[in-house]
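Overview (structure and organization)
Listed below are the residues making up each chain.
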Amino acid sequence: MLVTGGAGYIGSHTAKALHRAGYAVVVYDNLLAGHREAVRYGPLVEGDLADRGRLGETLRRFEIGAVVHFAALLAVSESVHDPARYYRNNVIGTLTLLEAMAAAQVPHLVFSSTCAVYGEPEETPIVETHPTRPINAYGETKLAIERALPHYERAYGLHAVVLRYFNAAGADPDGDLGEDHDPEIHLIPRAIQAATGGAPLEIFGDDYPTPDGTCLRDYVHVSDLADAHVLALQALAETGRSATVNLGSGHPSSVREVIATVERVTGRPVPAQLAARRPGDPAVLFAASRLAADGLHWRPRHSTLDEIVRTAWAWHAAHPHGFHGGTV
Ligand code: UDP
């Protein structure tokens, strides 16, 4: 099993879940954003998606039968300012991987996609058949691959399960892994940083048409996402059927609810100040995950906001400087 981006946040949690499920895991990562310390469940091949030769050699050397593909750039606002980098990494990089898979006759792929493919939702909860009209380059690059996959399936027999994540959050309940982005852009780790003496949290707009005026998002625990990849691979092995599936808890939470939960869990105030809306933020995003439940038999087990924040807080408290800072 090859896990590209397996040194990253969702990738490392998935490598652990795969290892536990009995798969032999090989991680392929260029370590630009990933952490060597997060690769614990199989060998690391340091390589870039652009390196077609190294990809092909890795697929053959380890006799890879399926690829779980995370390696990608993921910051929405960065994708707006530097789309070329996003297209090069997320589109050209992934197409290079698909070519290497086709050449090595690797038949199964699980692809990390995102609710950003939907753009501004017309209806919530969002079902998989909702129109896909991304409002940023990040979502466009993921959708470009989604749209290529049926063609690659027809021509090269490459079957894929596309997983559209909502807001991945939390940390490994055993405390082995956690979120460590540089810079950190996500709400929950930023709120924890603010609670522990970092810069005050900026609330990006409180005049949205939501009950408390702040954006509603669907936070889903990273270990629940990881489990879904195991189920997707099992479904591919059993049926060989391609599918596109939302992964969310189905429960919308506002920015203010997240702040209140961080305050309760940490026992500390979260200094916060109102800031302008962030361009490209829809007011409300949450998932209907019926397909994942029915098709993959996926049940989120850790995705209450309380458990998400408790595990994120436990990780942060034990690793205030992330993977590289060691433990305290
Ligand atoms: N957000 C915020 N302050 C921050 C970071 C995020 O108010 O410092 C808000 C953001 O506008 C969005 C929600 O929190 O409504 C989740 O943002 P995040 O960046 O965590 O995930 P995204 O929804 O962009 O995938």
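This section reports on the structure supplied with the text. Not measured: the values here are computed from a predicted model.

1. Some remarks on the packing of aromatic side chains
Within the structure shown, the criterion is met by two aromatic pairs. An angle of 70° between the planes, with centres 5.4 Å apart, marks the rings of Tyr 152 and Tyr 156 as edge-to-face. In this pair, Tyr 152 and Tyr 156 both sit in helix α5 (residues 137-156), four residues apart, roughly one turn of the helix. On the basis of relative accessibility, which here comes to 16%, the residue Tyr 152 falls in the buried class. Note on Tyr 156: relative accessible area 52%, which makes it exposed. Aromatic pair Trp 315 and Phe 323: ring centres 4.9 Å apart, planes at 55°, arrangement tilted.

2. A short note on the packing of helix α6 (residues 187-195) against helix α10 (residues 305-318)
Relative orientation and spacing of two packed helices are given, respectively, by the angle between their axes and the distance between those axes. Contact geometry for α6 and α10: axes closest at 10 Å, N-to-C directions at 55°. In terms of orientation, α6 and α10 fall into the oblique class. Of the two elements, α6 crosses α10, and the hand of that crossing is right-handed. Here α6 contributes Ile 188, Ile 192 and Gln 193 to the contact with α10, which in turn contributes Leu 305, Ile 308, Val 309, Ala 312, Trp 313 and His 316.

3. Focus: the sheet that holds strand β3 (residues 44-46)
Spatially, the seven strands line up as an open sheet ordered β3-β2-β1-β4-β5-β6-β10, and their pairing is parallel. The sheet terminates laterally at β3 and β10 (243-247), the two strands that pair on one side only. Ignoring strand direction, the axes of neighbouring strands in this sheet form an average angle of 20°. As paired strands, strand β6 (residues 159-165) and β10 are joined by five bridges and run parallel to one another. From the neighbouring strand, Tyr 165 faces β10, where its bridge partner is Leu 247. Where helix α2 (residues 52-61) meets the sheet, it contacts β1 (2-4), β2 (26-29), β3 and β4 (66-69), and its direction lies at approximately 160° from that of β3. Here helix α7 (residues 222-239) sits on the sheet in contact with β4, β5 (108-114), β6 and β10, set at roughly 160° to β6.

Definitions and limits used
Residues numbered from 1 in each chain as written. Predicted model: local features only at pLDDT ≥ 70, side-chain atom pairs only at ≥ 80, totals over all residues. Heavy atoms only, no water. Phe/Tyr/Trp six-rings, centres within 6.5 Å; stacked < 30°, edge-to-face > 60°. Helix = DSSP H or I, 4+ residues; strand = E, 2+ residues; numbered from the N terminus. Buried < 20%, exposed > 50% of the residue type's maximum accessible area, 1.4 Å probe, protein only. Axes fitted to C-alpha atoms, helices over the stretch in contact; angles between N-to-C directions. Parallel < 35°, antiparallel > 145°, perpendicular 65-115°, else oblique. Left-handed = near helix turned anticlockwise from the far one by under 90°. Contact = heavy atoms within 4.5 Å. Pairing = 2+ DSSP bridges.

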